[in-house]
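Structural overview
Here are the chains, one letter per residue:
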Amino acid sequence: MTIISSDPAAAEVAGVTRRYGRGRRTTAALEDCSFRLPAGSVCALVGPNGAGKSTLLRIVAGLVRPDAGTVDVLGAAPGTHRDRVGYLDQSRPLYGHLSIADTLALGARLNTGSWDAPYACRIVEQGGLDPQRKIRGLSGGERTRVALALTLGKRPELLLLDEPMAELDPLARQELMGLLLADAAENGTSVLLSSHIVSELAYSCDHLLLLDGGRVRLGGSVEALLAAHTVVTGRGTDLSPHTVIESRPTGRGLTALIRPRGPLADTWQPQRPTLEELLLAHLRADRPPVFLTPDMGEDSAAAA
C-alpha cells in the first residue's frame with residue numbers, strides 16, 4: 001500500500017510483516033501492516049488481545065525487526081534516533097532495589113544529551129512521592145508515574161506507550177493521562193499510545209489506529225473517521241449503495257453503521273456514531289473493510 005501525504009510524519013510503516021516461530025510453524029503477529037503517524041499527533045493504538053499492538057510498537061522503537069516491509073521513524077531507520085524516541089513497555093520495567101532518586105539519576109546517565117532533570121523531578125514531585133522511596137515499595141500508579149518521568153525526562157520527539165495505565169484506577173489514569181497530554185501539547189510530542197480503555201480515547205487522542213488480526217482495519221484522525229461513518233435506524237433492509245460495516249436487528253427495525261455513498265432514503269434516521277460504537281462495530285464485523293483516511297493513507301475500503 002502506498003502512503004500518500006505531503007505533511008511531515010513522525011513514523012511511517014509500509015507493508016510490514018512480522019512472524020514468530022520457525023519453518024511451517026509460524027504465526028503472523030503483523031501482516032502487510034501500513035500506516036502513517038502525522039507529526040505532533042496523539043494516536044490511540046487499539047485492538048483485541050493478540051492483534052499485534054505490542055509487536056508494532058517494538059518495531060517502531062527499533063527493538064524488533066520486521067520480516068518484510070519498510071519503517072521510517074523521524075526520517076530514519078528505527079533505532080537510529082534513540083535519544084529522540086521514548087518507549088515505555090507495558091510491564092513498566094524499573095529496578096526494584098533502586099530509589100526514585102537513583103532511578104532518575106540512571107536516566108540522566110543514559111540520556112546525557114537530552115535529559116531534563118528538573119522536569120523529571122517535577123513529574124515525581126507532583127505525585128507527592130518521596131525521592132528516597134524504593135521502587136519495589138511503590139503502588140502501580142506510583143510506579144507508572146516514575147516510569148513516565150523516566151521516559152518524558154529525555155524530552156522525546158516521539159513517545160511510544162504500551163498499555164502504560166492498564167492497571168490503574170480511573171482517577172489515577174485521568175491524572176497521568178492529563179500529564180501526558182499536557183507534555184505533548186507543550187512540546188509538540190508525537191504519541192502512539194496502546195490502550196484498551198476506549199471510553200477515554202475520544203477526549204485524549206486526535207488520531208486512531210485499529211489493529212485486528214495483525215492488519216490495520218481503521219486509521220486516521222478521530223474527527224475524519226467519525227465524519228465518514230453514520231449510524232442509521234429504520235425498518236428497511238436495503239442499504240445499497242452504502243458500505244455496511246455492521247447491522248443488527250433492534251425491535252421491529254434495523255440499526256447499522258455505514259459509510260454513506262450518497263443520500264440516505266427517507267426511511268432511515270441517521271445520527272453521528274460515538275467512537276466506541278465505531279470501534280466495536282468494526283471489531284464485530286466478520287471482515288471489516290480496511291479504511292485509511294487521507295491524512296494517514298489512501299482509502300482502500302474496496303480492497304478489503
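Keep in mind the model is a prediction, meaning the values are calculated, not measured. (Residues numbered from 1 in each chain as written. Predicted model: local features only at pLDDT ≥ 70, side-chain atom pairs only at ≥ 80, totals over all residues. Heavy atoms only, no water.)

A few points about helix 1 (residues 53-61)
The element helix 1 is largely enclosed, with a buried count of 7 among its 9 residues. Residues of helix 1 that are buried include every one of K53, T55, L56, L57, I59, V60 and A61, and no others. Of the residues trailing helix 1, G62 is marked for its positive phi of about 85 degrees. (Buried < 20%, exposed > 50% of the residue type's maximum accessible area, 1.4 Å probe, protein only. Helix = DSSP H or I, 4+ residues; strand = E, 2+ residues; numbered from the N terminus.)

Points about the confidence of the model for the protein
Considering every residue of the protein, the mean pLDDT works out to 86; 92% of them sit at 70 or more. Under a pLDDT of 50 for its full length, residues 294-304 has, in the predicted model, 35 contacts with residues more than four places off or in other chains. (pLDDT = per-residue confidence, 0-100. Contact = heavy atoms within 4.5 Å.)

What about the sheet that holds strand 2 (residues 25-38)?
Strand order in the open sheet made by the 3 strands is 2-1-4, with antiparallel pairing throughout. Looking at which strands have only one partner, the edges of the open sheet turn out to be strand 2 and strand 4 (68-73). Sheet twist, expressed as the average angle between the axes of neighbouring strands with direction ignored, equals 20 degrees. Across 5 bridges, strand 1 (residues 9-22) lies against strand 4 in antiparallel orientation. Directly across from A11, in strand 4, lies its bridge partner V73. (Pairing = 2+ DSSP bridges. Axes fitted to C-alpha atoms, helices over the stretch in contact; angles between N-to-C directions.)

As for the sheet that holds strand 10 (residues 230-234)
Spatially, the 4 strands line up as an open sheet ordered 11-12-10-13, and their pairing is antiparallel. Two strands bound the open sheet, and with one partner strand each, they are strand 11 (243-250) and strand 13 (268-271). Pairs of neighbouring strands in the sheet enclose a mean axial angle of 25 degrees, with direction left out of account. The sheet contact formed by strand 10 and strand 12 (residues 253-259) spans 5 bridges and is antiparallel. Note on strand 12: the bridge partner recorded for V232 is A256. Each of strand 10, strand 11 and strand 12 touches helix 8 (residues 275-284); the most contacted strand, strand 11, lies at about 95 degrees to it.

Re the side chain of R173
In this structure, R173 sits in helix 5 (residues 170-187). R173 has contacts with M165, L168, I197 and E200, leaving out every residue within four places of it along the chain.

A few points about the pattern of salt bridges
Per the stated rule, a full pass over the model turns up 11 salt bridges. For E31, the salt bridge is made with R19, and the minimal N-O distance between the two is 3.0 Å. Of this pair, E31 sits in strand 2 while R19 is found in strand 1, placing the two residues 12 residues apart along the sequence. Note on E31: relative accessible area 26%, which makes it partly exposed. Between D116 and R155 there is a salt bridge, with the nearest N and O atoms lying 3.0 Å from each other. (Salt bridge = Lys/Arg side-chain N within 4 Å of Asp/Glu carboxyl O.)

Quick word on the packing of aromatic side chains
Enumeration over the complete set of coordinates arrives at 0 aromatic pairs. Positioned over the ring face of Y119 is R155, at 3.7 Å from the centre of the ring. (Phe/Tyr/Trp six-rings, centres within 6.5 Å; stacked < 30°, edge-to-face > 60°. Lys NZ or Arg CZ within 6 Å of the ring centre and 35° of its normal.)

As for the packing of helix 2 (residues 100-110) against helix 4 (residues 140-152)
Following both chains from N to C, one finds helix 2 and helix 4 inclined at 20 degrees, their axes separated by 9 Å at the closest point. Our classification of the angle between helix 2 and helix 4 gives roughly parallel. Remark: the crossing between helix 2 and helix 4 carries right-handed chirality. Facing I100, T103, L104 and G107 of helix 2, the residues of helix 4 in contact are V146, A149 and L150. Here the residues of the contact of helix 2 with helix 4 sort into 5 nonpolar, 2 polar and no charged. (Parallel < 35°, antiparallel > 145°, perpendicular 65-115°, else oblique. Left-handed = near helix turned anticlockwise from the far one by under 90°. Nonpolar A, V, L, I, M, F, W, Y, C, P; charged D, E, K, R; others polar.)

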